[in-house]
Amino acid sequence: MRLLSLPQTNETSVQAPAAERRGKTAGALRVPQEGIPQRKLLVFVLIDALGWQIIKDRPFLNDELPVRMPLKTVLGYSSGAIPTLLTGRKPVETGHWNLFYYDPQGSPFKWLRWFSVLPEWALDNRLVRKLIKELGRRLLGMGPLFECSVSPRLLPLFNYLEKLNIYRKGGISGASSIFDLLESHKIPYKSYTYHQFSDAEILRQARADIQSGRESVYFLYLCEVDGLLHRNRTQETLISQRLSWYERELREIFVCALKRDRNATMTVASDHGMAPVHSSYDLVGRIARLGFKIPQQYLAVYDSTMARYWFFDSAARAAIIAELKATACGRVLTDAELNSLGILFPDRRYGELVFLLNPGWLFTRSDFNGGGWNPAGMHGYDPSDPNSDAIFLSNRTPPLPLNTIADIYPCLAAAVS
Ligand SMILES: [Zn+2]
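In this text, all values refer to a predicted model and were calculated from it rather than measured experimentally. (Residues numbered from 1 in each chain as written. Predicted model: local features only at pLDDT ≥ 70, side-chain atom pairs only at ≥ 80, totals over all residues.)

A. Region of interest: the overall build of the protein chain. What the protein chain contains, in helices and strands, is 14 helices and 16 strands. Counting contacts in the protein chain only where the partners sit at least 6 residues apart, residues at least 24 apart contribute 77% of the total. (Helix = DSSP H or I, 4+ residues; strand = E, 2+ residues; numbered from the N terminus. Contact = placed C-beta atoms within 7 Å.)

Written out as structure tokens, the structure reads:
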């Protein structure tokens, strides 16, 4: 999903310790230049999928971070939400929404056309998808989280969004991110993500660095709560136990930050929430039974909570839209809705038509949910659903009102400027 690029080398880079040179590097390493005054310390922690509904009635750094509020997310998944959070821009401005978009000319998977003569069972099976996943991650520069979540037969028609590491300068194609801002202002910082570390390693390494380092900004992205909540959204005791471990670790980081700078700011935020799953619906089967040909008459990508369609035949378009409109567990998003959600792309690269499931519903089969995966929690529903809400927790009142995750960027920008 994200390209692991080597640490940039310039006059402010420092030599990574031996462990980091073996591949355990903490992202961009920066030290202050001579004569530049020390800024106030900022520790920003992004916890994937830790929604407001999960923590609002749980103790989670309540004493340390008394400024607490829910934030509306953007429709979609982390691939759209985090770039918005890091830039303050809508998906239509960042260019980042879902991971796969229609791009037959630019597809990095064109070579798969050579295998299109193979029968369906030989081309689309678990082994082939695993092979493509490994090729994508190791040879095609798709990053460590790349999954083959589109049928291999259709992949030559699609491009993949996150070839660059979005947690680095220039990682978000359509907009300037907080990392571009830090680099352009030569603000010393460290960022820690799944590209290099597990959550436990990030928390351990960040604490050590905050104790001994001289950077002004520490950006921690913790991604493992997402998986925990997908698997155990309704297991309240288990969630509490695991979150209390994160709480303890983050409290220690907060104490270290205050020891170094008593005016330090610590903020914990998330990109979206997680809704309990209660039902599933076989939309793939319903649409397939209409009998139209893929890819000659239409294309479909079934994400966990959204189906996206491209039409090349008017009869297919009319019949599929009629079927979707008769489907009670979701709805077709109007252009007005797509526009207000910031996802009305003029070239329709993410789909001419988007069908969104109601909260708590899941497709029985989809390109994203592999066979046999029955998550207890899912995200990617309407942002107006309370279970979609993200969080903002801080020890300081933000300098501007916050309503959505897009408001986090100006808040971060003000804190480092
Ligand atoms: Zn997730």
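B. Up close: the nonpolar core. If you look at the biggest cluster of nonpolar residues, it comprises 115 residues, and the most contacted ones within it are V43, V45, L220, I253, A257 and I391. Take this core: its biggest share by element is eight residues, from helix α10 (residues 236–260). Ignoring anything within four residues of it in the chain, the contact list for V45 reads L220, L222, L250 and V268. (Core = buried A, V, L, I, M, F, W, Y, C linked by C-beta atoms within 7 Å. Buried ≥ 20, exposed ≤ 12 C-beta atoms within 10 Å, placed from the backbone.)

C. A look at helix α6 (residues 126–138). The first and last C-alpha atoms of α6 sit 18 Å apart over 13 residues, in line with the 18 Å expected at 1.5 Å per residue. Residues R129, I132 and G136 constitute the buried set of α6. Seen from one end, α6 has its buried residues packed into an arc of 60°, which puts them on one side. Structural note: α6 exposes R126, L127, K130 and R138 on the side pointing more than 90 degrees away from its buried face. (Expected span 1.5 Å × (residues − 1). Arc of directions from axis to C-beta.)

D. Structural view of the pairing of strand β11 (residues 306–311). Relative to β11, strand β10 (residues 298–302) runs antiparallel, the two being bridged by five bridges. Residue pairing for β11: Y302 is matched across the bridge by A307. Linkage of β10 to β11, two consecutive antiparallel strands, is achieved through a turn of three residues. The sheet contact formed by β11 and strand β13 (residues 353–357) spans four bridges and is antiparallel. Paired with M306 across the bridge in β13 is L356. (Pairing = 2+ DSSP bridges.)

E. Representation of the sheet that holds strand β2 (residues 67–71). Ordered by their spatial adjacency, six strands build an open sheet running β2-β16-β7-β1-β6-β5, and the pairing between neighbours is mixed. Two strands bound the open sheet, and with one partner strand each, they are β2 and β5 (189–192). The sheet shows a mean angle of 10° between the axes of neighbouring strands, direction not considered. Here three bridges tie strand β7 (residues 265–269) to strand β16 (residues 390–394), and the two strands are oriented antiparallel to one another. Directly across from A269, in β16, lies its bridge partner F392. Across the sheet, helix α8 (residues 199–212) touches β1 (42–47), β5 and β6 (217–222), and the angle it forms with β6 is around 170°. Contacts from helix α14 (residues 408–416) reach β1, β6, β7 and β16 within the one sheet, and its direction differs from that of β1 by about 160°. (Axes fitted to C-alpha atoms, helices over the stretch in contact; angles between N-to-C directions.)

F. Examining α14 more closely. Among all positions in α14, only I408, Y409, C411, L412 and A415 are buried. With its buried residues spanning 160° around the axis, α14 presents them on a single face. Residues of α14 that are buried sit in contact with β1, α3 (78–87), α7 (178–184), β7 and β16.

G. Representation of the pairing of β1. With six of its six residues buried, β1 lies for the most part within the structure. Residues of β1 alternate between two faces, with L42, F44 and L46 on one and V43, V45 and I47 on the opposite face, all of them buried. Where β1 and β7 come together, five bridges link them in parallel fashion. What sits directly across from V45, in β7, is V268.

H. Representation of the sheet that holds strand β12 (residues 330–332) within the structure. Ordered by their spatial adjacency, four strands build an open sheet running β10-β11-β13-β12, and the pairing between neighbours is antiparallel. Looking at the sheet topology across the chains shown, the edges are occupied by β10 and β12. In this sheet, neighbouring strand axes are inclined to one another by 15° on average, regardless of whether the strands run parallel or antiparallel. Where β12 and β13 come together, three bridges link them in antiparallel fashion. Bridge pairing links G330 to L357 in β13.

I. Highlighting the environment of C148. If you trace the backbone, C148 turns up in the loop between α6 and β4 (158–160). Residue C148 is classed as buried on the basis of its 23 C-beta neighbours within 10 Å. Sequence separation between C148 and Y160 is 12 residues; the distance between their C-alpha atoms is 9.9 Å. Sequence-distant contacts of C148, that is, excluding residues within four places in its chain, are made with R129, I132, K133 and G136.

J. A look at the environment of C223. By the secondary structure assignment, C223 is in the loop between β6 and α9 (224–232). Its 19 C-beta neighbours within 10 Å are what place C223 among the partly exposed residues. Between the C-alpha atom of C223 and that of L46, which follows or precedes it by 177 residues, the distance is 8.2 Å. Leave out the neighbours within four places in its chain, and C223 touches D48 and Y194.

K. Spatial organisation of the packing of α8 against α10. Viewed as axis vectors pointing N to C, α8 and α10 meet at an angle of 10°, and their least axial separation amounts to 9 Å. Judged by the angle between their axes, α8 and α10 are roughly parallel. Here L203, A206, R207, I210 and Q211 of α8 come into contact with α10, specifically with E249, E252, I253, C256, A257 and R260. When its residues are assigned to classes, the contact of α8 with α10 shows six nonpolar, one polar and four charged. (Parallel < 35°, antiparallel > 145°, perpendicular 65-115°, else oblique. Nonpolar A, V, L, I, M, F, W, Y, C, P; charged D, E, K, R; others polar.)

L. Looking closely at unusual backbone geometry. The omega torsion across I294 and P295 is 5°, close enough to zero to call that bond cis. Looking at the secondary structure, you find P295 in the loop between α11 (283–288) and β10. Look at L61: it is not a glycine, yet its phi comes out positive at around 55°.

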